[in-house]
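Next come the chains, spelled out residue by residue.
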Amino acid sequence: MDLTEGADGMVSTSAAGPSPIARQASAVSSRLRRLRRYAWRYVSGLGAVAILVGPFLPWAATQAMYGIVGLAAVAAAAVGIRLHRPALAHPWWLLVAAVSVATLGNVYWTVEFSVTGQRIPFGSFGDVIYLSAYPLLVASLWTMGGRRTRRTGWVDAAIVTSGLAVLMWTLVIDSFLDGYPLSGARLVTAMAFPLFDLAVVAVSARLLFTASTPPMAHMLAAVMVAALIIADMVHFAHTTGVVVGEVAHNPVSTAGWLLGLVFAGAATTHPSIGRPTEAGPLRLRLGFGLQPGVQILLALLGPAVTAVSLLDELVAGNAEPADVLVPLTATAVMSVLLVVRQQQFARTATARAADLAAQACTLTKSLEEQRALQERLSHQTLHDPLTDLANRLLLQERLGHALTRRAGAHGLLLLDLDGFKDVNDTLGHPVGDELLIAIAVRLGALVPEGDTLARLGGDEFAILLEETDPERTVTVATAVLEAIRQPFTVGGVELSLTTSIGLHTVRSPATVADAFRDVDLALYAAKSAGKNQVAVFTDRLRSEREDYAQTVAGLRRALKDDEFELHYQPLVDLATGAIRGVEALLRWNPPGQRPVPPNAFIPVAEQSGLIGAIGDWVLRRACTEARAWHERHGTTVSVNVAGPQLRDPGFPDTVWRVLRDTGLPPRALTLEITETDLVATTMAEADEVIARLVRIREWGVRVAIDDFGTGYSSLSYLRQLPVDILKIDRAFIPQDRGDAGFRSDDLTLTRAIVDLGASLRLTTVAEGVETAAQADMLRELNCPVVQGYHFYRPMPARDLEGILAAPVVVAA
């Protein structure tokens, strides 16, 4: 794979694949992600081996194991903190410090014993180092919980600590003091261990009971604390029977201490160390809160154990006041805390009951509001927001119900207001909305109860007459037609408009979609026939629509598969017989079918919106083929432009782009537009079209009015048009009557158009010249250019080259 250096100095790779450096970086990133995710499992797995093996090793090997596991835990913790980078890092660094100090104390004690050969119980400097680890551990667990602390969490922690204090005194401390007499500093040192253990338990319980869902790292830290506490208690109990100076080596305590070190490393390498603790009722999530049953168990367990132990000492005759005072005090404290906790439970339950009652009231109110809202939304979904009539969805539902549940015929009327757009454009949409409301009121008076009047959107309405006959449907349609013709007074203005109506009688098994499709065809027929009338659906309309759809599909295919072809008909100079130019005429030759005449597909192309793409294709193909003819013979080319093309703001840019791409000089191109395309638009649209034509003519392109005389433009309007050529429609070329010649009346209009073109300094072209007599007549009228079958029929581009190259023969 090639490496290339870009302009910014960065090394990029080719499409062959990532570079070795990129692959190596990706592999490193993948390993780091895996390490972050599973490091705590690796630590736990290795620690499990040490826990299973360590308790059964000789004393020296066990001490070495303590050091190795401690150092490994410290290293793993440091790596874990660096890997996960928690936002609150100092609690975990304090835990690292606590483990480090404990490991240091163990190393000191081992070295001291190896040098002196005897153990100094609770008087060694190693004990001081050990004890130094406890404040660090307490600080670590305290700061893990954050500042947000629930009062109930504190009480739960104090209850657990009090209960443990009773058990620790009864099972460990009392027996230790009786069997291992100490005094002074050594006694203080010995008692510091269980006291610190209780402090660690207290902050650990606080950590668990003040978090809604404690992270896994906190859970692992709690397991670490439990292991250390159990190990310390077992160690104290075992030390009671050990001779002073000997080593107390117990597998259970050894396993507990190793387990604590391992879980310290696992906690600091778990990904959840970056998760903050959130205050909240943990018991609702994990059930760690002290439930009443657990509280009762703690309240009874301590006194029961104390009573059994005290009874044993009384029987033995060595009972002391402290044997009763200490557990009694701890039990009393725990009892007070239990009472406080029960009060908290009661207040919480009362508050919760009040909250539930308030929520129930709110829920009831919300349900009522929701029910009302659903009713409003349902109404809005099925009704028109302006007129409050049924909308299309409701009309479809009712028509579907009628077709499936009711026999007989159903009348469906589809109305489209004629001229409503002019009301909106001239008077504004507020007036248009008021007019729609007035129309809805007037139509509502004509629709019988049980039938449906709907507004489908815009200026389109529909009426569904259920279980009716065709005659009644026609009667209602006629009444609607007459009602809309009556003037409306809106905002002090009298407005008149009409409507076109499509009518269809629907019967089962027709579907809703079929009904709307057919009635829409009827409406289209009414509008095409001149508007302000009713058109009844027939199968012929559907057949015509299917033909239309097939033609549209064929036109799309023709554009894609290049099925179009241009034929060219020459424009002849009557005086010389020379070819002045050619007109490009579109032909469609579907493979394996007869050619489709232009009058069969051009209107479809205009209605479907394909005329723009087809017109662009014609313009580009004509300019491409005409370039060579212009260079050799000076021939120009005329291209017909449809109304939608003229109304496209981007049309001038399209013309310029085609001329630039094909290399045809602008003076060699003539754009032919129809008079109808200009007068069939609004004044604003006409002004925009004229502005585009002016811009195109500035480049040298000529403009011709095709089929002149068939439109309704005035002479003053014609004077404003940016045109160069008038093409007289074939309807104004007199027909040859043989020996009788031409009637003078027939020549009057033709002479007037030719004279008009001359007065406006426009070139006049006569279309449809099919006989010599017509050519002579036009020559006498001084028409300079003609076009028609008498001279040339339209021909493919390959045949035109020979015609252009042939010598000029003056036509008769």
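A quick note: this is a predicted structure, and the numbers were derived from the prediction, not measured.

K.L.:
Would you explain the overall build of the protein in this entry?
P.N.:
Within the protein one finds 26 helices and 18 strands. Each of the 812 residues in the protein was classed as buried or not, and the buried ones make up 46%. Across the protein, every contact between residues at least 6 apart in sequence was considered, and the portion connecting residues at least 24 apart equals 73%. Carbon together with sulfur atoms contributes 60% to the accessible area of the protein, which is approximately 40,500 Å² in total.

K.L.:
What is the right way to look at the pairing of strand 16 (residues 763-767) in this model?
P.N.:
Two faces, one strand: in a regular strand the side chains alternate between the faces of the sheet. Judged by how many residues are buried, strand 16 sits mostly within the fold: four of five residues are covered. Alignment of strand 15 (residues 725-728) against strand 16, held across four bridges, turns out to be parallel. Counted as the bridge partner of K727 is V765 from strand 16. In this fold, the crossover linking strand 16 to strand 17 (residues 785-787) by way of helix 25 (residues 772-780) has right-handed handedness.

K.L.:
Is there a simple way to think about the sheet that holds strand 4 (residues 452-457) in this case?
P.N.:
Hydrogen bonding along the main chain pairs the strands of a sheet, whether they run parallel or antiparallel. What the five strands build is an open sheet, ordered 4-5-3-8-9; its pairing is mixed. Of all the strands in the sheet, the pair left with one neighbour each is strand 4 and strand 9 (534-536). With strand direction ignored, the average angle separating the axes of adjacent strands in the sheet is 20°. Bridge analysis of strand 8 (residues 498-507) against strand 9 gives three bridges, and the strand direction is parallel. Bridge pairing in strand 9 links G502 to A535.

K.L.:
I keep staring at the pattern of salt bridges and nothing clicks. Help me out?
P.N.:
Pairing between side chains of opposite charge can happen when their charged atoms approach one another. By the definition in use, this model includes 27 salt bridges. Across the pair D451 and R472 runs a salt bridge, and its minimum N-O distance is 3.1 Å. With a gap of 21 residues between them, D451 in the loop between helix 13 (429-444) and strand 4 and R472 in helix 14 (residues 470-485) connect regions that are remote in the sequence. Here E565 ties to R798 by a salt bridge, and the two come within 3.8 Å at their closest N and O atoms. Placement of the pair is E565 in strand 10 (residues 564-573) and R798 in helix 26 (residues 797-805), with a sequence separation of 233 residues.

K.L.:
Looking at this structure, I do not really get the environment of L389. What am I missing?
P.N.:
Relative to the elements of secondary structure, L389 occurs in the loop between helix 10 (321-382) and helix 11 (392-405). The sequence separation of L389 and L453 amounts to 64 residues, and the corresponding C-alpha distance is 6.5 Å. Leave out the neighbours within four places in its chain, and L389 touches L382, H383, D384, A440, L453, A454, R455 and F461.

K.L.:
Is there a simple way to think about the nonpolar core in this case?
P.N.:
Soluble globular proteins: nonpolar side chains tend toward being buried together. Counting 76 residues, the largest nonpolar core has L555, F564, Y568, V637, L669, L671 and L778 as its most contacted members. Among the elements that make up this core, the one with the highest residue count is helix 18 (residues 611-633) (nine residues). Residue contacts for L778: discarding those within four places in its chain leaves L574, I733, T750, A766, V769, C783 and V786. Core analysis: the next-biggest nonpolar cluster, separate from the first, contains 46 residues, A50, L164, L220 and L261 among them.

K.L.:
How should the packing of helix 20 (residues 651-662) against helix 22 (residues 683-697) be read in this particular structure?
P.N.:
The angle between the axes and the distance between the axes are what describe a pair of packed helices. Across the interface, helix 20 lies against helix 22 with an axial gap of 9 Å and an inter-helix angle of 20°. Considering the angle they form, helix 20 stands roughly parallel to helix 22. Of the two elements, helix 20 crosses helix 22, and the hand of that crossing is right-handed. Between helix 20 and helix 22, the residues in contact are F651, P652, D653 and V655 and R692, R695 and I696, respectively. The residue makeup of the contact of helix 20 with helix 22, split by class, is four nonpolar, no polar and three charged.

K.L.:
When you look at a positive patch on the surface in this model, what are you seeing that I'm missing?
P.N.:
A cluster of basic residues, R33, R36, R82 and R85, forms a positive patch on the protein surface. Along the chain, the position of R33 falls in helix 1 (residues 20-53). A relative accessible area of 49% means that R33 is categorised as partly exposed.

K.L.:
What is the right way to look at helix 2 (residues 59-84) in this model?
P.N.:
An α-helical turn contains 3.6 residues, so any two residues separated by three or four positions project in the same direction. Between the first and last C-alpha of helix 2 there are 37 Å, a value that for 26 residues agrees with the 38 Å anticipated at 1.5 Å per step. Just beyond helix 2, the residue with positive phi is R85, at close to 45°.

K.L.:
Help me out: how do you make sense of helix 11 in this one?
P.N.:
Here helix 11 contains 14 residues, and its C-alpha end-to-end distance of 20 Å stays within 8% of the 20 Å for a straight helix at 1.5 Å per residue. Taken as a whole, helix 11 has its buried residues at L394, L395, L399, G400, A402 and L403. Among the residues of helix 11, the N-terminal cap falls to N391, whose side-chain oxygen and the backbone nitrogen of L393 are separated by 3.2 Å.

K.L.:
Whenever I open this one, the packing of helix 11 against helix 15 (residues 512-528) confuses me. Can you help?
P.N.:
Interhelical geometry of helix 11 versus helix 15 gives an angle of 115° and a closest axis separation of 9 Å. Relative to helix 15, the crossing made by helix 11 is right-handed. When helix 11 is examined against helix 15, the residues R392, L395, Q396, L399, G400 and L403 are found in contact with a partner set consisting of V512, A515 and F516. Across the contact of helix 11 with helix 15, the residue classes tally to six nonpolar, two polar and one charged.

K.L.:
Would you mind showing me how to read unusual backbone geometry here?
P.N.:
Leaving glycine aside, a negative phi is the common case for residues, and trans is the common case for peptide bonds. Backbone torsion omega between S508 and P509 reads 15°, so that peptide bond is classified as cis. Positioned with a positive phi, E467 is a non-glycine residue whose angle comes to about 50°. Position of E467 relative to the elements: it lies in strand 5 (residues 460-468). Looking at E467, the relative accessible area reads 49%, which means it is partly exposed. Positioned with a positive phi, R761 is a non-glycine residue whose angle comes to about 60°. Take R761: it is sitting in the loop between helix 24 (744-759) and strand 16. Its relative accessible area of 80% is what places R761 among the exposed residues.

About the cut-offs
Residues numbered from 1 in each chain as written. Predicted model: local features only at pLDDT ≥ 70, side-chain atom pairs only at ≥ 80, totals over all residues. Heavy atoms only, no water. Helix = DSSP H or I, 4+ residues; strand = E, 2+ residues; numbered from the N terminus. Buried < 20%, exposed > 50% of the residue type's maximum accessible area, 1.4 Å probe, protein only. Contact = heavy atoms within 4.5 Å. Areas by Shrake-Rupley, 256 points an atom, 1.4 Å probe, with all protein chains shown as cover. Pairing = 2+ DSSP bridges. Right-handed = clockwise from strand over helix to strand, strands pointing away. Axes fitted to C-alpha atoms, helices over the stretch in contact; angles between N-to-C directions. Salt bridge = Lys/Arg side-chain N within 4 Å of Asp/Glu carboxyl O. Core = buried A, V, L, I, M, F, W, Y, C linked by side-chain atoms within 4.5 Å. Parallel < 35°, antiparallel > 145°, perpendicular 65-115°, else oblique. Left-handed = near helix turned anticlockwise from the far one by under 90°. Nonpolar A, V, L, I, M, F, W, Y, C, P; charged D, E, K, R; others polar. Patch = residues over 30% accessible without salt bridge, like charges linked within 9 Å, V, L, I, M, F, W, Y side chains within 5 Å. Lys, Arg positive; Asp, Glu negative; His and termini not counted. Charge placed at Lys NZ, Arg CZ, Asp CG, Glu CD. Expected span 1.5 Å × (residues − 1). Polar contact = N/O pair within 3.5 Å; in protein donor to acceptor, adjacent residues only side chain to side chain.

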